[in-house]
Structure formats: C-alpha cells, structure tokens
Amino acid sequence: MCGRFVDPNLRNTEIDMSQIKIDPIQRRFNVKPTNPILIFADQPLEGVAARWGLIPSWFKGNDPKEWKATTFNARIEEAREKPTFRAAWRYGRCLIPAGGFYEWTGPKGNRRPNFFAPAGNDANFYFAGLFSIWNDMRTCTIMTRAATDAMVGIHNRMPVILNSEEREAWLEGSADLNIGIRAALKTWPVERFGLMDEGVSLIEAAE
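Below or above, wherever it landed, is the structure these notes cover.

Cut-offs used in this document
Residues numbered from 1 in each chain as written. Predicted model: local features only at pLDDT ≥ 70, side-chain atom pairs only at ≥ 80, totals over all residues. Heavy atoms only, no water. Helix = DSSP H or I, 4+ residues; strand = E, 2+ residues; numbered from the N terminus. Buried < 20%, exposed > 50% of the residue type's maximum accessible area, 1.4 Å probe, protein only. Contact = heavy atoms within 4.5 Å. Areas by Shrake-Rupley, 256 points an atom, 1.4 Å probe, with all protein chains shown as cover. Phe/Tyr/Trp six-rings, centres within 6.5 Å; stacked < 30°, edge-to-face > 60°. Lys NZ or Arg CZ within 6 Å of the ring centre and 35° of its normal. Pairing = 2+ DSSP bridges. Arc of directions from axis to C-beta. Polar contact = N/O pair within 3.5 Å; in protein donor to acceptor, adjacent residues only side chain to side chain. Salt bridge = Lys/Arg side-chain N within 4 Å of Asp/Glu carboxyl O. Core = buried A, V, L, I, M, F, W, Y, C linked by side-chain atoms within 4.5 Å.

1. Some remarks on the overall build of the chain
The helix and strand tally for the chain stands at three helices and 11 strands. Mapped in sequence order, the helices and strands of the chain form the string β-β-β-β-α-β-β-β-β-β-β-α-β-α. Going through the 207 residues of the chain one by one, you find that 49% of them count as buried. For the chain, contacts bridging at least 24 residues in sequence account for 68% of all contacts bridging at least 6. In the structure as shown, the chain presents an accessible area of about 10900 Å², 49% of it carried by carbon and sulfur atoms.

What follows is the structure, given as structure tokens:
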C-alpha cells in the first residue's frame, strides 16, 4: 500500500515545468489522502491537480466526505473488474510523481516509518495511477502490487513504480500485471512523526 508520500522535485527533470497547469504548491514531505496532488495525464503529458482518493464518476453524492470507501490505493490485480475503478482503468490512466514514500514497521503502538527513495540517479518515482472526474473534480488513486524483494520484511504490498518504458505502456492501457516488478528502491528508517507533521526535517536528517 501507499498511504504517505513526498512531493516530487521536478527541477532539472525530463518534465518541463511549463507543462504543469496548476498553481505552485510548496513541496510537502507528508502528503496525505484527500490532499491535492500532481498527476500527469493525457498525451502529450499535462500536469494537473487531483484529489488523492478516487471517487467514481457515477457516485451521486454532493460532498467528497460522503464517499466513505478507502480508494487512495487500488490493487492492480482487481481494478480492471471492480466497479469503483473499472471506468478509470479504461479511460483514466495517469502517472503520479513522488520523491519517495513511507511504510511503517514494528509492533502496534510502537510502529516506525521507513522512507523509500529511488535507487540510482532518479530524483522521483512515477507511480501508476488512475483518475476519475466526479462533479467537475479530478480525483485519483495510486496502484499497488504484491511487494517485490525490494520491500522484503517491510510490507506485503507496494506502489506500482514505473520505469521510463513502462510509463508509456501504462498510459496506453497496458494490462500487464507484472508492470513495475523491476523497481529499484533504497530505504532507511526515520523518526516517528504525527499525522499532521510535515516530515521534512526527518528525511533531511536521515539522508
């Protein structure tokens, strides 16, 4: 799963900042479900804002809080057939850039966050995502898959992390359930932080 992540650093990357059609957001180091996040959708890629937590277009409510399902993640093995994600699987592919993400380990009541960053020279991950437009609001979810060896001992699920070739395939509608299996990660533990903490000093101190 992926329940907290860090905004991407897109400076000096292949993404031209002129493609991002949203007001600048100060970089956040503890992005939470329901927060607005940056996604890249359509071809050519266009950077737009979306609410993290997908609400399907057919939902009849008037307030996002009326949608009670937990949809900030979607299992890649199930999304194609699930009513909540089925239309987005066909028509709402997107990429969700992130500078890293957290996963927790340890006993209940004393769990500690571990930070995952891209291995090698990449500045960001690109998660496979789906988006939906509900009541003129763009909403999205991060795809997850069974954990690879890179997550051994941490969690049995992980985000679907795409390399450069897989990004194009995902946007074009790939149904390959092994997509993202080659993702390379590095990780280290960080100090515990609260749900509302920004987290920036925790990561900087650990690097």
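Now that the structure has been shown, we can carry on.
2. Considerations on the packing of aromatic side chains
Counting across every chain of the model gives 16 aromatic pairs. Aromatic side chains Phe 101 and Phe 125 sit 5.7 Å apart centroid to centroid with 50 degrees between the ring planes, which places their arrangement in the tilted category. Of this pair, Phe 101 sits in strand β6 (residues 100–105) while Phe 125 sits in strand β8 (residues 125–134), and the two are 24 residues apart along the sequence. For Phe 101, a relative accessible area of 0% corresponds to the buried category. In this structure an aromatic cluster arises from ring pairing among Phe 5, Trp 52, Phe 72, Phe 101, Phe 116, Phe 125 and Phe 127. We note Arg 93 situated over the ring of Trp 89; from NZ or CZ to the ring centre the distance is 4.4 Å.

3. Regarding the sheet that holds strand β7 (residues 112–118)
Pairing is antiparallel in the open sheet, where four strands are placed in the order β1-β6-β7-β11. In this open sheet, the two strands that pair with only one neighbour each are β1 (5–6) and β11 (185–189). As paired strands, β6 and β7 are joined by five bridges and run antiparallel to one another. Each bridged residue has a counterpart across the sheet, and for Thr 105 the counterpart in β7 is Arg 112.

4. What to know about helix α2 (residues 164–171)
Structurally, the α-helix is built with 3.6 residues per turn, so residues lying three or four positions apart point the same way. Those residues of α2 that sit buried are Glu 166, Arg 167, Trp 170 and Leu 171. Buried residues in α2, looked at end-on, bunch into an arc of 130 degrees, giving them a common side. Along its buried surface, α2 packs onto β2 (36–41), α1 (86–91), β5 (93–98), β8 and β9 (137–146). Backbone nitrogen of Glu 165 and a side-chain oxygen of the N-cap are separated by 3.1 Å at the start of α2; the cap is Asn 163. Backbone geometry just after α2 places Gly 173 at a positive phi near 105 degrees.

5. A closer look at the pairing of strand β3 (residues 46–52)
Side chains on a regular strand alternate between the two faces of the sheet. Most of β3 sits out of view: five of its seven residues are buried. Pairing of β2 with β3, which is carried by six bridges, proceeds in the antiparallel orientation. Paired with Leu 38 across the two strands is Ala 49, which belongs to β3. A loop of four residues connects β2 with β3, the two strands running antiparallel in sequence, and Asp 42 in this loop sits at a positive phi of about 70 degrees. Taken together, the two bridges between β3 and β9 define a ladder with parallel strand orientation. From the neighbouring strand, Trp 52 faces β9, where its bridge partner is Cys 140.

6. Comments concerning the pattern of salt bridges
All chains considered together, the criterion is met by five salt bridges. For Arg 157, the salt bridge goes to Glu 77, with nearest N and O atoms at 3.0 Å. Taken together, the residues span a long stretch of sequence, with Arg 157 in strand β10 (residues 157–159) and Glu 77 in the loop between β4 (73–75) and α1 at a distance of 80 residues. Its relative accessible area of 8% is what places Arg 157 among the buried residues.

7. Structural notes on the nonpolar core
Ranked by internal contacts, the top residues of the largest apolar core, which has 25 residues, are Phe 5, Ile 39, Phe 101, Phe 127 and Leu 185. With sequence-adjacent residues up to four places away left out, Phe 101 is seen in contact with Cys 2, Arg 4, Phe 5, Asn 114, Phe 115, Phe 116, Phe 125, Phe 127, Met 151, Pro 159, Ile 161 and Leu 185. Within the second largest apolar cluster, 20 residues are counted, among which are Ala 74, Ala 128, Met 143 and Leu 162.

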